[in-house]
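Inside the fold
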Amino acid sequence: MSRSTPKAGFRLGIYVFKDAEIVDYAAPYGVFSVARRLDPALDAFLIADALRPVQTQAGMTVLPNYSFADAPAMDAFLIPGGFGTRQEMYNGRLHSYIRSLPSQCLLTSVCTGSWIYGHMGLLDGLPATNRKEPDRLEASGAGLVPIDRLAQIAPKAQISRSRVVDAGRIITAGGIASGMEMGFYLLERAGYDQSFIEDVARIMEYADAYALYRSDRHIIDQS
């Protein structure tokens, strides 16, 4: 996919909900925060069902910038993972909100956030990913590794083990820390060149990891 110039004022809306995984939403936000040092027109913000404090994983509480009712303009909508995704799969208000977003708005997720798109049937026929490494409970056999659960939730999806999977409008990232790669990849989808993105990674002292994970992508050619 060739992109010559960045989209002016690219805006990333990150959904926060009860028991969202902290690093899943904080990592992509952090990438955009550092990238704003190089281009202040970039924007990232938190959005929730309602405009009130949201207690995410481990008791960390955040205040969203917008509610669904505010309908903020954005170029990409991101759903993080976390224990709360088990409830969010059945959140009809969230599903209605996602379906109301304009077609040019990218739908993205980190880790188990892709379960929600899968439950909605949005991953049918598309490649998608999720967390591949089990936690202790999952390793004990008491639960499924999230990528295997995704295969159950979305049996018509093409399960990929890549770090970032770009299926066109829908982009999924697999792994608790993969929000970093999602943040960098969204800069690429926004049209920023590699020198810009590599500079952001350098400033974050993440250059080696960025170079390593950049090759771990599954991208459908949209040209």
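Residues numbered from 1 in each chain as written. Predicted model: local features only at pLDDT ≥ 70, side-chain atom pairs only at ≥ 80, totals over all residues. Heavy atoms only, no water.

As annotated in an unreviewed UniProt entry, the chain is Transcriptional regulator from Iodidimonas muriae.

1. Let's talk about the UniProt feature "domain: DJ-1/PfpI" (unreviewed entry) in the chain
We apply this condition: UniProt positions are given in the numbering used here, feature names are shortened, and annotations may be inferred rather than shown by experiment. Labels follow the DSSP assignment, with helices taken as runs of H or I lasting at least four residues and strands as runs of E lasting at least two, numbered in each case from the N terminus.
The sites that UniProt annotates as "domain: DJ-1/PfpI" (unreviewed entry) are residues 14-188. Taken as a whole, residues 14-188 contains 31% helix and 19% strand, while its terminal C-alpha atoms sit 18 Å from one another.

2. Some thoughts on helix 3 (residues 92-100)
What counts is decided by this rule: Relative accessibility decides the category of a residue: with a 1.4 Å probe and only protein chains considered, values under 20% of the type maximum give buried, values over 50% give exposed, and everything between is partly exposed. By construction, the arc corresponds to the directions joining the helix axis to the C-beta atoms. Contacts between residues were defined by any pair of non-hydrogen atoms, one from each residue, lying within 4.5 Å. Pairs of N or O atoms are called polar contacts if they sit within 3.5 Å, as long as, within protein, a hydrogen donor faces a hydrogen acceptor (for residues adjacent in sequence, only side-chain-to-side-chain pairs).
Here helix 3 has its buried residues at Leu94, His95, Tyr97 and Ile98. Looking straight down helix 3, one finds its buried side chains confined to an arc of 160 degrees; they lie on one side. Away from the buried face of helix 3 by more than 90 degrees, exposed residues Arg93, Arg99 and Ser100 are located. Lining the buried residues of helix 3 we find strand 1 (11-15), strand 2 (43-48), strand 6 (76-79), helix 2 (85-88), strand 7 (106-110) and helix 4 (114-119). Measuring from the side-chain oxygen of the N-cap residue of helix 3 to the backbone nitrogen of Arg93 gives 3.0 Å; that N-cap residue is Asn91.

3. Regarding the sheet that holds strand 11 (residues 170-173)
Rules: Only strands joined by at least two bridges in the DSSP assignment are considered to pair. Lines fitted to C-alpha atoms define the axes here, with helix axes fitted over just the stretch in contact, and angles between the N-to-C directions of these axes take values from 0 to 180 degrees.
If you trace the eight strands from one edge of the open sheet to the other, you get 5-2-1-6-7-11-10-12, paired in mixed fashion. Whereas interior strands pair on both sides, the edge strands pair on one side only; in this sheet they are strand 5 (66-67) and strand 12 (217-219). Bridge analysis of strand 7 against strand 11 gives four bridges, and the strand direction is parallel. Among the inter-strand pairings, Ser109 is bridged to a residue of strand 11, identified as Thr172. Helix 3 rests against strand 1, strand 2, strand 6 and strand 7 of the sheet, and its axis sits at about 155 degrees to strand 6. Each of strand 1, strand 6, strand 7, strand 10 (164-166), strand 11 and strand 12 touches helix 7 (residues 179-189); the most contacted strand, strand 7, lies at about 160 degrees to it.

4. Focus: the nonpolar core
We apply this condition: Residues enter a nonpolar core if they are buried and are Ala, Val, Leu, Ile, Met, Phe, Trp, Tyr or Cys, with the set joined through side-chain atoms within 4.5 Å.
Residues Phe77, Ile98, Phe184 and Leu187 are the most contacted members of the largest nonpolar core, which totals 65 residues. Leaving out residues up to four positions away in the same chain, Phe77 has contacts with Gly13, Tyr15, Ile47, Leu94, Tyr97, Ile98, Leu101, Cys105, Leu106, Leu107, Thr108 and Tyr117.

5. Points about the pattern of salt bridges
Proximity of charged atoms lets side chains of opposite charge pair with each other. Note the following rule: Counted as salt bridges are all cases of a side-chain nitrogen of Lys or Arg within 4 Å of a carboxyl oxygen of Asp or Glu.
Under the counting rule described, the total for this entry stands at nine salt bridges. Its salt-bridge partner being Glu188, residue Arg217 comes within 2.9 Å of it at the nearest N-O pair. Of this pair, Arg217 sits in strand 12 while Glu188 sits in helix 7, and the two are 29 residues apart along the sequence. Pair check on accessibility: Arg217 and Glu188 agree, each one buried.

6. A look at the environment of Ala76
Relative to the helices and strands, Ala76 resides in strand 6. Between the alpha carbons of Ala76 and Leu106 there is a distance of 4.3 Å; along the sequence they are 30 residues apart. Residue contacts for Ala76: discarding those within four places in its chain leaves Phe10, Arg11, Leu12, Gly13, Cys105, Leu106 and Leu186.

7. A closer look at the packing of aromatic side chains
Note the following rule: The pairing test for Phe, Tyr and Trp rings, Trp by its six-membered ring, is centres within 6.5 Å, and the orientation test on the planes gives stacked under 30 degrees, edge-to-face over 60, and tilted for anything in between. Definition used: whenever NZ (Lys) or CZ (Arg) falls within 6 Å of the ring centre and also within 35 degrees of the ring normal, the charge is taken to sit over that ring.
This structure, assessed with the given rule, holds ten aromatic pairs. Residues Phe184 and Tyr206 carry aromatic rings whose centres are separated by 5.8 Å and whose planes lie at 25 degrees to one another, so their mutual orientation is stacked. Note that Phe184 is positioned in helix 7 and Tyr206 in the loop between helix 8 (194-203) and helix 9 (207-213), a separation of 22 residues in sequence. Each of the two residues, Phe184 as well as Tyr206, counts as buried. Through a chain of ring-to-ring contacts, the aromatic side chains of Tyr15, Phe17, Phe68, Phe77 and Tyr97 assemble into a single cluster. Taking NZ or CZ as reference, Arg149 lies 4.9 Å from the ring centre of Trp115, over its face.

8. A few points about unusual backbone geometry
Positive phi values are uncommon outside glycine, yet Ala71 reaches one of about 50 degrees. Topologically, Ala71 is positioned in the loop between strand 5 and strand 6. Since its relative accessible area comes to 55%, Ala71 is described here as exposed. A positive phi angle, close to 55 degrees, is found at Glu205, a residue other than glycine. In this fold, Glu205 is placed in the loop between helix 8 and helix 9. Residue classification places Glu205 among the exposed positions, given a relative accessible area of 76%.

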